[in-house]
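Notes for the structure review
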Amino acid sequence: MAIVSGRRPPSPGLDLSDDAAASGLTLALPIFLGANPVTERTNEDWLRSLSEMAAVDDAAVADLREVLRRGLRRALSGRAAADDGFIEDMAQEGVLKVLSGLAMFRGDCRFTTWGITIAVRVAFTELRRARWRDVSLDRLVEDAPARCPTTPPADGSSQDARQAILAAMHGVLDSDLTDRQRQALVAELRGMPQAEIAAQMGLTRNALYKLTHDARQNLKRGLEAAGISGDEVRSTFDL
Amino acid sequence: MSLSPDELRELARYVLLTRPDEIGCDDWLGHAPRYAELVAAREPVPEPLRRAAEHLDVCPECAEEFRACLAALTAEGGSD
């Protein structure tokens, strides 16, 4: 989308109407929170300025990019990988996502909050992908973890109950889940980002969520079928 | 394939929180901005939105993103 591919100056003659909140204000006042002023706009102003693809308001696009840049800077504060270049790139990606998803905006929050939320997801997805891009899902799931108890058993009977529940969980994991459910669930437990799991399994993030949700439901049903109550699980794992 | 005690504990926590009517990450993204604004403003959260926000209990990634959004909102108005 060429309109956001660079930092074009605002087009002359465009009306810089206003308002960051959904408050219905009509004054056109640029606000100066940082180096670059951003014109305040109502939600309706944002939508009107950004949705007319034949004549998108370049100033609104530039302001949106600035809003996202500031939001990302605050959201990613303290993260070494999120330097100025990264934030600029993610703000740009965020603008593209916002522009392509305007129809998804519900209007129950400030448009800028919605945009920042989208940009934050874009940025975290990229940060996680960078950390995990060389990790094979198959190897991650196959690699057996170290077996070391996190809490010592209190006595023999509670240890027996604990072992029974652990055995039941492993049994359900092994027999009641599909290979893909097990693979996705274990990868999540080992910290692999959903976007990376989804990419390696050829799924969308939502489809992956459904897969692991089904897996958790199968586990829950399997434990119930084995006569193990939620209270017993809580007690066993000190939850 | 076997799970470590910590992995089993986390799995048990997820299983206990599992509900048949959970929403997924994409659906949560639609609710997140409104929820973030209410939490940032310390305003009451309507029950349907509160239930949607239970997604954060079973999705560490959406929870991490939500905390970041909240940081962005609560810092709004500060110097950039």
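Definitions and limits used
- Residues numbered from 1 in each chain as written.
- Chains lettered and ligands numbered in written order.
- Predicted model: local features only at pLDDT ≥ 70, side-chain atom pairs only at ≥ 80, totals over all residues.
- Helix = DSSP H or I, 4+ residues; strand = E, 2+ residues; numbered from the N terminus.
- Buried ≥ 20, exposed ≤ 12 C-beta atoms within 10 Å, placed from the backbone.
- Contact = placed C-beta atoms within 7 Å.
- Nonpolar A, V, L, I, M, F, W, Y, C, P; charged D, E, K, R; others polar.
- Core = buried A, V, L, I, M, F, W, Y, C linked by C-beta atoms within 7 Å.
- Domains from an automatic or database assignment.

Things to note about the overall build of chain A
For chain A, the count of helices and strands is ten helices and two strands. In sequence order, chain A lays out its α and β elements as β-β-α-α-α-α-α-α-α-α-α-α. The burial tally for chain A puts 37% of its 239 residues in the buried class.

Some words on the interface of chain A and chain B
Opposite the 52 residues of chain A that make contact, chain B presents 39 residues. At the level of elements, helix H2 (58-75), helix H4 (111-132), helix H5 (137-142), helix H6 (156-175), helix H7 (179-189), helix H9 (205-225) and helix H10 (230-237) of chain A are the ones that each hand at least two residues to the side of chain A that touches chain B. Here the side of chain A that touches chain B takes ten residues from H9 of chain A, the largest share from any one element. Residue classes in the side of chain A that touches chain B are distributed as 26 nonpolar, twelve polar and 14 charged.

Regarding the environment of Asn206 of chain A
Along the chain, Asn206 of chain A turns up in helix H9. For Asn206 of chain A, a count of 17 C-beta atoms within 10 Å translates into the label partly exposed. In this structure, Asn206 of chain A is in contact with Gly24, Cys25 and Asp26 of chain B, ignoring residues within four places of it in sequence.

Side note on the nonpolar core
Grouped together as the largest cluster of nonpolar side chains are 72 residues, with contacts concentrated most on Leu64, Leu68, Leu72, Ala119, Val120 and Ala123 of chain A together with Cys69 of chain B. Built from parts of two domains, this core gets at least three residues from each of domain 1 (2-132) and domain 2 (138-237) of chain A. Look past the residues within four positions of Val120 of chain A in its chain and what remains in contact with it is Leu72 and Ala75 of chain A together with Glu65, Ala68 and Cys69 of chain B.

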